Amino acid sequence: QEQLVESGGGSVQPGGSLTLSCIIQPIIFRFRPMGWYHQAPGKQRELGATITNSGVTNYAASVKDRSTITTNNAKNTMYLQINNLTPKAAAVYYCNYKKGSGDFVPWGQGTQVTVSS
């Protein structure tokens, strides 16, 4: 059964940076495009960035200039580096991908990012 474990969140000052990690368990031998999502209080979950096995990335306009999505396929790990954090970035961040059936893997617990002075 697939399991997603997000980590790396925390509390930072405006302008700070964080690198979030997503460990995919068990190993995925047939890698599928993956993405980072975030959900702020009172908001729906929003897709922020995606990456393919070949490294092609796409970013939502809201994060395009401050986020970088990468993977370490050998470690079944995906990362999201967020720079120049603002209070608007405060949210719970999730990773996920779709199975061949088109269904999402069960969502993990997410990792919370807070931004405060």
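Before reading further, recall that the structure is shown in the block above.
Everything numeric here is computed off the predicted structure, so don't read it as measured data. (Residues numbered from 1 in each chain as written. Predicted model: local features only at pLDDT ≥ 70, side-chain atom pairs only at ≥ 80, totals over all residues. Heavy atoms only, no water.)

### Details of the pattern of salt bridges
Piece 1. Going through the model one piece at a time under the given rule, you end up with one salt bridge.
Piece 2. In this structure, Glu 2 and Lys 99 form a salt bridge, with 3.9 Å as the shortest nitrogen-oxygen distance. With a gap of 97 residues between them, Glu 2 in the segment before β1 (3-7) and Lys 99 in the loop between β9 (91-97) and β10 (111-115) connect regions that are remote in the sequence.
Piece 3. Here Lys 99 falls in the partly exposed class, since its relative accessible area comes to 29%. (Salt bridge = Lys/Arg side-chain N within 4 Å of Asp/Glu carboxyl O. Helix = DSSP H or I, 4+ residues; strand = E, 2+ residues; numbered from the N terminus. Buried < 20%, exposed > 50% of the residue type's maximum accessible area, 1.4 Å probe, protein only.)

### Quick look at the packing of aromatic side chains
Piece 1. The full count for this structure, using the stated rule, is four aromatic pairs.
Piece 2. Ring geometry for Tyr 37 versus Trp 107: centroids 5.1 Å apart, planes at 85 degrees, classification edge-to-face. Residue Tyr 37 is found in strand β4 (residues 34-39), and its partner Trp 107 is found in the loop between β9 and β10; the two are separated by 70 residues along the sequence.
Piece 3. According to the relative accessible area criterion, Tyr 37 is buried, its value standing at 13%.
Piece 4. Ring geometry for Tyr 94 versus Trp 107: centroids 6.0 Å apart, planes at 85 degrees, classification edge-to-face. Pair noted here: Tyr 94 is in strand β9 and Trp 107 is in the loop between β9 and β10, with a separation of 13 residues, a long-range link.
Piece 5. On the basis of relative accessibility, which here comes to 28%, the residue Trp 107 falls in the partly exposed class.
Piece 6. An aromatic cluster is defined as three or more aromatic residues linked by ring pairs; in this entry it consists of Tyr 37, Tyr 94, Phe 104 and Trp 107.
Piece 7. Over the ring of Tyr 94 we find Arg 45, and its NZ or CZ is 5.3 Å from the ring centre.
Piece 8. Over the aromatic face of Trp 107 sits the side chain of Arg 45, whose NZ or CZ is 3.6 Å from the ring centroid. (Phe/Tyr/Trp six-rings, centres within 6.5 Å; stacked < 30°, edge-to-face > 60°. Lys NZ or Arg CZ within 6 Å of the ring centre and 35° of its normal.)

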